[in-house]
Structure formats: C-alpha cells, structure tokens
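Report on the structure
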Amino acid sequence: MGFVFRGGVSASLYVDLQLVAQEATAITLGDIDDRNNWLGRSEYAVNPPYQGEFQEFRIYGVALSGCQLRTVLVRGRDDL
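Quantities reported herein were computed from a predicted structural model and do not represent experimental measurements.

About the criteria used
- Residues numbered from 1 in each chain as written.
- Predicted model: local features only at pLDDT ≥ 70, side-chain atom pairs only at ≥ 80, totals over all residues.
- Heavy atoms only, no water.
- Pairing = 2+ DSSP bridges.
- Helix = DSSP H or I, 4+ residues; strand = E, 2+ residues; numbered from the N terminus.
- Salt bridge = Lys/Arg side-chain N within 4 Å of Asp/Glu carboxyl O.
- Axes fitted to C-alpha atoms, helices over the stretch in contact; angles between N-to-C directions.
- Buried < 20%, exposed > 50% of the residue type's maximum accessible area, 1.4 Å probe, protein only.
- Polar contact = N/O pair within 3.5 Å; in protein donor to acceptor, adjacent residues only side chain to side chain.
- Contact = heavy atoms within 4.5 Å.
- pLDDT = per-residue confidence, 0-100.

Further remarks concern the pairing of strand β1 (residues 2–6). Examined bridge by bridge, β1 and strand β2 (residues 10–15) share five bridges and lie antiparallel to one another. Within β2, the residue paired with arginine 6 across the bridge is serine 10. Hairpin connection of β1 to β2: three residues between the antiparallel strands, including glycine 8 at a positive phi of 80 degrees.

A word on the pattern of salt bridges. Per the counting criterion, the structure on display carries two salt bridges. One salt bridge connects arginine 35 with aspartate 33, and the closest N-O pair in it is separated by 2.6 Å.

Moving on, we get to the sheet that holds β1. With antiparallel pairing, three strands are arranged side by side in an open sheet as β1-β2-β3. The open sheet has two edge strands, β1 and β3 (18–24), and neither has a second partner. Across this sheet, the average inter-strand angle for adjacent strands is 15 degrees, counted without regard to direction.

So, about the side chain of serine 12. With respect to the secondary-structure elements, serine 12 resides in strand β2. By relative accessible area, serine 12 is classed as buried at 1%. Among the polar contacts made by the side chain of serine 12, one reaches the side chain of glutamine 22 at a distance of 3.1 Å. Not counting residues up to four positions away in its chain, the partners in contact with serine 12 are Gly2, Phe3, Val4, Arg6, Leu19, Ala21 and Gln22.

So, on to the confidence of the model for the protein. For the protein, per-residue confidence averages 87 on the pLDDT scale, and 95% of positions sit at 70 or higher. Ranking the elements of the protein by mean pLDDT puts helix α1 (residues 66–75) last with 84 and β3 first with 94.

Let's shift gears to the environment of glycine 30. For glycine 30, the position within the fold is in the loop between β3 and α1. Taking the C-alpha atoms as reference points, glycine 30 and leucine 19, eleven residues apart in sequence, are found 25 Å from one another.

Right, here's the structure in full:
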C-alpha cells in the first residue's frame, strides 16, 4: 500500500501497486495538525487500535510519481 501526498495538489492511494483513489486537495502539510503522530491509533478513543503489524514504514522528502512508488515497492528503497 502506498499513499502519495502532493501538498496543495493531490492525494493518491495505491493498493497492490495500482492507483485506487486520487483526489485534488488544497491542503498543504502546514495545514495538518501534527500533535498526534500515531500509527495504528486513532485520535478518537471509541476507535479500536490497529491489531496488525507494520512490516515497513517510509517517509520521503518529495512526492513520488506512480512509477517511482511501484519501483520502491517492488525492488526496495535502495533502487529509487
């Protein structure tokens, strides 16, 4: 799974290397409230925590293109 956020432009979700959703957005990184930075935990107490596990989590300093995202998901981060 991959999520690509282009601040002020778009947000894209990839599942099994396929683009499944893409939306235009005016939101930038500066607009996001970053006080609660959790993986697998909701800001809302009524939501149960994620019961799975994360094999890997990456953050890049630039938004990857669809081709770049596929490359790192198939070959690994060192092949970008």
